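What follows is each chain in one-letter form.
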Amino acid sequence: MSFFLFSCAYLYKQSFAIPGSVFLNILAGAIFPCLVAFPLVCILTACGATLCYLMSCAFGRQYIEQYFPEKLAIIQHKVKENHDRLFYFLMFLRLFPMTPNWFLNIVSPVVNIPIHQFFLSVFLGLMPYNYICVQTGGILSSITSLDDVFTTEILVKLLCLAIVALLPSLIYKRKAKISGAM
């Protein structure tokens, strides 16, 4: 039942370009084993983004042209420029961490990106991101107390960082004291 509810929520979120994949991917890693969660979120990401693509294709053109004319022109130019290697360009956009995936999902049919290239670029291009999020969820679900987080090793590392952060202030203070004594 949780598998079905999670899948429905994920598809809904993706279909309507609602931000927050990171949280659902982490949740998937926390409630499902990695071998289930990772392929699940990859499939749901691609299917949900494709539903968004289809809705945008049916209803979105006029809104995209009205509200995002500059961004649309940039994407159209880039798609034409990379027409011979469009799949690789799409993969780059998906792998680049600062690309707004929601915008790519809604603008892709408007700039005539074929649906099969769109689906595959989402499925493959977001795999690293999805894997990192799922792994994070798995790690977080294994924490049972603060002792799991604040181990002796972690506390020593934090202490070392604090000392390194304090060093410039101590050096500056020492130099000021030496120059004041002269």
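Please read these numbers as outputs of a predicted model, since none were measured by experiment.

**Some remarks on the nonpolar core**
As a rule of thumb, soluble globular proteins bury nonpolar side chains together. With 23 residues, the main nonpolar core has Ile75, Val107, Val111 and Ile113 as its most contacted residues. Looking at this core, the elements that each hand over two or more residues are helix H3 (34-59), helix H5 (69-81), helix H6 (86-95), helix H7 (101-107) and helix H8 (115-125). Not counting the four nearest positions on each side in its chain, valine 107 is found in contact with Ile64, Leu72 and Ile75. Grouped together as the second largest cluster of nonpolar side chains are 10 residues, Phe6, Leu24, Phe32 and Ala37 included.

**Observations concerning the pattern of salt bridges**
Summed over the entire model, instances satisfying the criterion amount to 3 salt bridges. One salt bridge in this structure joins arginine 61 and glutamate 65, with 3.7 Å as the shortest N-O distance. Here the residue arginine 61 and the residue glutamate 65 both occupy positions in helix H4 (residues 61-67), the gap between them amounting to 4 residues, near one helical turn. The class of arginine 61 is partly exposed, set by a relative accessible area of 37%. The class for glutamate 65 is partly exposed, based on a relative accessible area of 40%. Two residues, glutamate 81 and lysine 78, come together in a salt bridge whose shortest N-O distance is 3.8 Å. Highlighted residues: glutamate 81 and lysine 78, both in helix H5, separated by 3 residues, approximately one helical turn.

Basis of the calculations
Per-chain numbering applies: the sequence of each chain, read as written, is numbered from 1 onward. Only residues with pLDDT of at least 70 are given local features in this predicted model, and only at 80 or more are side-chain atom pairs given and counted; all residues enter the totals for whole chains, interfaces and linings. As a convention, hydrogens and water are excluded, and side-chain values are obtained from all of the structure's heavy atoms. Think of a nonpolar core as a cluster: buried Ala, Val, Leu, Ile, Met, Phe, Trp, Tyr and Cys residues, connected wherever their side-chain atoms sit within 4.5 Å. Between buried and exposed lies partly exposed: a residue is buried under 20% and exposed over 50% of the maximum accessible area for its type, with that area taken using a 1.4 Å probe on protein chains only. Going along the chain from the N terminus, every DSSP run of H or I of four or more residues is numbered as a helix, and every run of E of two or more is numbered as a strand. Contacts are residue-level and defined by heavy atoms, with any inter-residue pair within 4.5 Å sufficient. Throughout this description, the term salt bridge denotes a Lys or Arg side-chain nitrogen within 4 Å of a carboxyl oxygen of Asp or Glu.

By themselves these figures say nothing about function.
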